[in-house]
Amino acid sequence: MASNSSITLQSVIDYARSFGDLQPVLAVGGYSQQPALTIANDTMAAMCSPAINWKWNRTRIPPFYTNSLQQDYAVPGVVRAGWLEHGFIVDINNTATPPPLWPIETVRDLEATSWQWGRIGQVAWLPNDQLTYGTWQANATYTKILGTPGNPGTPLTQIVDPNGNFWAVSNNLNATVTTGSTQPTWPTSPTFPTYTNPTQAATTVTDGTVVWVAINPKGQGFRVNPLPPSSGLYYQINVIAQMRPVQFTATTQTLDPIPDDYANYFRQGFIAHAYRHSPDPKIQAKFKVEFELWTGAMATAVRQMDREKESNGIYPSESVMSSGYPIYPGPAYPFPVF
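Quick caveat: nothing in here was measured; it's all calculated off a predicted structure.

S.K.: Sorry if this is basic, but what is going on with the overall build of the chain here?
M.R.: Of regular secondary structure, the chain possesses six helices and 14 strands. Burial analysis of the chain (338 residues in total) assigns 45% to the buried set. For the chain, the share of sequence-separated contacts (at least 6 apart) that also reach a separation of at least 24 residues comes to 75%. Of the roughly 17300 Å² of accessible surface on the chain, 56% is carried by carbon and sulfur atoms.

Following this line, the structure appears as structure tokens:
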């Protein structure tokens, strides 16, 4: 993936060192990269806080697909989602052009439920180790998703093995696959992407024609509401999220995902946080002033984003003479039409 930034953290540190009273802060004997890395991480965390939904910090969660009577979904490789902005679902096997799609609410939390409905209306993220998993079954069939108009009753697509590790089916999008007659040998310490190493390859296990992929227990999975019904349609779930702040581990890193035209905000925040690390009380006192100047500049940046007109509004979804259609009843649609 291309980087948003061409500016390195080292260039920010070099600029901060041009401030005479910050030189002692950024040149601590015996610590070649500290406290600069800590200051940079504090600055990045503040810039990417939930208070601001920067467009450049957005990420699209890999699409996942509803399964009959399955409320929780561990999506392989998702380890950097911070909070969910919005989403939509697609009737993926509908032959209409374009296929029907509907918005869904992204919410903070959802309880487990047995209430079923035609299609989901809400989605929340949870740590993968808080989701519900099945156990391995011999000769279990996972029907292919694309091209199958209705789910015939596929088992849960995610399991916990006897070692306590989590796995998800990874190859039933375009093919029907079946587990073997005997349980495979599960590795005791599988690898998977992590927050600090999101490109780490995940361990896979071949089981009959099923390929299981290892799931990070502290990664981000998803719970939907209501429960997809038995023999329901396959819906593709698309979620847009804000990413967790990047962690700096080396001064050679760029400021990605911060684009170059926003680097000045990071630079100003870095200088403010650097003053907080000074052992001299007089120099440390500058932190309050610099921090207030920085947060004011950030507020200006947010207002610049707000110049775009908001698309939210109230308008009819169908004509007065329409016969209506079933819709998920919830906060966004409190009066369902039947």
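S.K.: Got a minute to help me understand the sheet that holds strand S12 (residues 210–215) in this structure?
M.R.: Spatially, four strands are ordered S8-S9-S12-S11 in an open sheet, and the strand pairing comes out antiparallel. Across the chains shown, the open sheet's two edge strands, defined by having one partner strand only, are strand S8 (158–160) and strand S11 (204–207). When strand polarity is set aside, the average angle formed by the axes of neighbouring strands in this sheet is 30 degrees. The pairing of S11 with S12 spans four bridges and is antiparallel. Pairing of Asp-207 across the sheet is with Val-210, part of S12.

S.K.: Quick question: what am I supposed to make of the packing of aromatic side chains here?
M.R.: Two descriptors summarise a pair of aromatic rings, namely the distance from one centre to the other and the angle between the planes of the rings. For the structure shown, the criterion picks out 17 aromatic pairs. On the basis of an interplanar angle of 80 degrees and a centroid distance of 5.6 Å, the ring pair of Tyr-15 and Phe-19 is categorised as edge-to-face. Residue class for Tyr-15 comes out partly exposed when judged on its relative accessible area of 39%. On the accessibility criterion, Phe-19 (27% relative accessible area) is partly exposed. By the ring-pair criterion, three or more aromatic residues cluster together here, those being Trp-54, Trp-56, Tyr-262 and Tyr-265.

S.K.: Please explain the packing of helix H3 (residues 36–47) against helix H4 (residues 263–276) as it appears in this structure.
M.R.: What describes two packed helices is the angle between their axes and the distance between those same axes. One can describe the packing of H3 onto H4 by two numbers: an axis separation of 9 Å at closest approach and a directional angle of 125 degrees. Taken together, the axes of H3 and H4 lie oblique to each other. In the crossing of H3 with H4, the sense of the turn from one axis to the other is right-handed. Every residue of H4 that contacts H3 at Ala-36, Ile-39, Ala-40, Asp-42, Thr-43, Met-44 and Met-47 is listed here: Tyr-265, Phe-266, Gly-269, Phe-270, His-273, Ala-274 and Arg-276.

S.K.: Help me understand the environment of Gln-247, please; the structure alone is not making it clear to me.
M.R.: By the secondary structure assignment, Gln-247 is in the loop between strand S14 (235–243) and H4. When its relative accessible area of 36% is taken as the criterion, Gln-247 is described as partly exposed. Separated by 52 residues in sequence, Gln-247 and Tyr-195 place their C-alpha atoms 8.6 Å apart. Excluding residues that lie within four positions of it along the chain, Gln-247 makes contacts with Asn-41, Tyr-195 and Gln-253.

S.K.: How should H3 be read in this particular structure?
M.R.: Residues three or four positions apart in an α-helix share a direction because the helix packs 3.6 residues into each turn. Counted at 1.5 Å a residue, the expected span for H3 with its twelve residues is 16 Å, and the 16 Å between its end C-alpha atoms agrees. Regarding H3, the residues found buried are Ala-36, Leu-37, Ile-39, Ala-40, Asn-41, Thr-43, Met-44 and Met-47.

S.K.: Before we go on, may I ask you to explain the pairing of S12 in this structure?
M.R.: Taken across its six residues, S12 has five buried, putting it largely inside the fold. One ladder, built from four bridges, connects strand S9 (residues 166–169) with S12; its direction is antiparallel. Among the inter-strand pairings, Val-169 is bridged to a residue of S12, identified as Trp-212.

Conventions adopted
- Residues numbered from 1 in each chain as written.
- Predicted model: local features only at pLDDT ≥ 70, side-chain atom pairs only at ≥ 80, totals over all residues.
- Heavy atoms only, no water.
- Helix = DSSP H or I, 4+ residues; strand = E, 2+ residues; numbered from the N terminus.
- Buried < 20%, exposed > 50% of the residue type's maximum accessible area, 1.4 Å probe, protein only.
- Contact = heavy atoms within 4.5 Å.
- Areas by Shrake-Rupley, 256 points an atom, 1.4 Å probe, with all protein chains shown as cover.
- Pairing = 2+ DSSP bridges.
- Axes fitted to C-alpha atoms, helices over the stretch in contact; angles between N-to-C directions.
- Phe/Tyr/Trp six-rings, centres within 6.5 Å; stacked < 30°, edge-to-face > 60°.
- Parallel < 35°, antiparallel > 145°, perpendicular 65-115°, else oblique.
- Left-handed = near helix turned anticlockwise from the far one by under 90°.
- Expected span 1.5 Å × (residues − 1).

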